[in-house]
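Topology and contacts: notes
Each chain, letter by letter, is given below.
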Amino acid sequence: AQRVTQPEKLLSVFKGAPVELKCNYSYSGSPELFWYVQYSRQRLQLLLRHISRESIKGFTADLNKGETSFHLKKPFAQEEDSAMYYCALSPMDSSYKLIFGSGTRLLVRP
Amino acid sequence: NAGVMQNPRHLVRRRGQEARLRCSPMKGHSHVYWYRQLPEEGLKFMVYLQKENIIDESGMPKERFSAEFPKEGPSILRIQQVVRGDSAAYFCASSPYIENTDTQYFGPGTRLTVL
């Protein structure tokens, strides 16, 4: 079954601390993985995708096929990073169909 | 570009009534996707439409739910004879074309409450 698991509902860190939001997936092929973010009162928007291998707002994510993980990391959290973060998977045979995890709320305290 | 528009933002219906949710894609986008988010869960794919065509409705419940994207006008997600379990946030997304998993742009969502 195709599934995305985000084990933490809430992650609370202090400003300047490192952040790692966990994402594990279940998929038999080679999926494309994404991180979406929803800031307070804003729309869900794409943060980054593994195929781009880029860093957005200081966030990076590495696809680990052995551990079937795509954890999102940032070395120094900022208060403006507080948001809801969703990991998503796109199957090869139906690439338009995003499969989302249940999300992790990141709270960065001053 | 105003982005993907959805209306209404909040919709309250009594059990047995019909709910109509509208989605206007971004300008130049001809692909529309609907997702449903139940409380404490992630978004779940419902249907993918192009103008006048349903491409994939594998995520739609078999009964009471239908979707369309006419040649003119917004895409409509229609829920007939709503039940309490239909209470959820419904999100629409759009993309310009399908190529290498083109980025989907999301609307603000419609929050449906069934009394």
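To be clear, the structure that these remarks concern was listed above.
Notes on the structure in this doc start here. Here the residue index of a chain counts from 1 through its sequence in written order. A letter from A marks each chain and a number from 1 marks each ligand, given out in the order of writing. Owing to the predicted nature of the model, reporting of local features is limited to residues with pLDDT of at least 70; listing and counting of side-chain atom pairs is limited to 80 or more, with chain, interface and lining totals taken over all residues. Water and hydrogen atoms were dropped before computing side-chain values, which therefore reflect all heavy atoms in the structure.

**Considering the pairing of strand β6 (residues 53-56) of chain B**
Residue and element names in this part refer to chain B. For clarity, the threshold we go by: Two strands form a pair only when DSSP identifies at least two bridges running between them. A run of H or I in DSSP counts as a helix once it spans at least four residues, and a run of E counts as a strand once it spans at least two, with each numbered from the N terminus.
The pairing of strand β5 (residues 43-50) with β6 spans three bridges and is classified as antiparallel. Across the sheet, Y48 pairs through a bridge with D56, a residue of β6. The turn linking β5 back onto β6 is made up of two residues, and E52 within it adopts a positive phi angle of 65°.

**Description of the state of the cysteines**
Rules: The rule for a disulfide is simple: a pair of cysteine sulfur atoms within 2.5 Å. For every residue, the accessible area (1.4 Å probe, protein chains only) is compared with the maximum for its type, and the residue is labelled buried under 20%, exposed over 50%, or partly exposed between those bounds.
Taken as a whole and judged by the stated rule, the model has two disulfides over all chains. Disulfide partner of C23 of chain A: C87 of chain A, at an S-S distance of 2.0 Å. Between C23 of chain A and C87 of chain A, the S-S dihedral sits near -65°, and the bridge is therefore left-handed. One end of the pair, C23 of chain A, is in the loop between β3 (19-21) and β4 (24-26); the other, C87 of chain A, is in strand β9 (residues 83-90), and 64 residues separate them in sequence. By relative accessible area, which is 0% here, C23 of chain A ends up buried. Taking the relative accessible area as the measure of exposure, C87 of chain A reaches 0% and is therefore buried. One disulfide in the model links C23 of chain B with C92 of chain B; its S-S distance is 1.7 Å. As the torsion about the S-S bond is roughly -50°, the C23 of chain B-C92 of chain B disulfide counts as left-handed. Remark: C92 of chain B occurs in strand β9 (residues 88-95) and C23 of chain B occurs in strand β3 (residues 19-24); sequence separation between them is 69 residues. Relative accessible area serves as the criterion here: at 0%, C23 of chain B is assigned to the buried category. Look at C92 of chain B and you get buried, because its relative accessible area is 0%.

**As for the pairing of strand β11 (residues 104-109) of chain A**
A regular strand places its side chains on the two faces of the sheet in alternate fashion. All names here are of chain A. Of the two faces of β11, only one is covered, namely that formed by T104, L106 and V108; the face formed by R105, L107 and R109 stays uncovered. Pairing geometry for strand β2 (residues 10-14) and β11, over five bridges, is parallel. Paired with S12 across the two strands is L107, which belongs to β11. Where β9 lies against β11, three bridges are found, and the strand directions are antiparallel. Residue pairing across strands places Y85 opposite T104, the latter belonging to β11.

**What to know about the interface of chain A and chain B**
Accessible area lost on assembly of the parts is the figure often given for the size of an interface. Keep this limit in mind: Note on contacts: a residue pair is in contact if any heavy atoms of the two residues lie within 4.5 Å. Accessible area that two parts lose when put together, evaluated with a 1.4 Å probe and summed over both, is termed the buried area. A pair is scored as a salt bridge if a Lys or Arg side-chain nitrogen falls within 4 Å of a carboxyl oxygen belonging to Asp or Glu. Whenever two N or O atoms come within 3.5 Å, that pair is a polar contact, provided that in protein one can donate a hydrogen and the other can accept it, and provided that, for residues adjacent in sequence, both atoms are side-chain atoms. Each residue gets one of three labels, nonpolar for Ala, Val, Leu, Ile, Met, Phe, Trp, Tyr, Cys and Pro, charged for Asp, Glu, Lys and Arg, and polar for the others, Gly among them.
Contact residues are listed per partner, giving 17 residues for chain A and 23 residues for chain B. Around 1700 Å² of area is buried between chain A and chain B when both sides are counted, 53% of it from carbon and sulfur atoms. For the pair chain A and chain B, the interface holds two salt bridges. When the shortest N-O distance is used, the salt bridge between K97 of chain A and D56 of chain B registers 3.5 Å. The interface formed by chain A and chain B contains nine residue pairs in polar contact (both at pLDDT 80 or more). Contributions of two or more residues to the side of chain A that touches chain B are made by β5 (32-38), β6 (45-49) and β9 of chain A. Tallying contributions element by element places β5 of chain A first for the side of chain A that touches chain B, with three residues. A class-by-class count of the residues in the side of chain A that touches chain B yields eight nonpolar, four polar and five charged.

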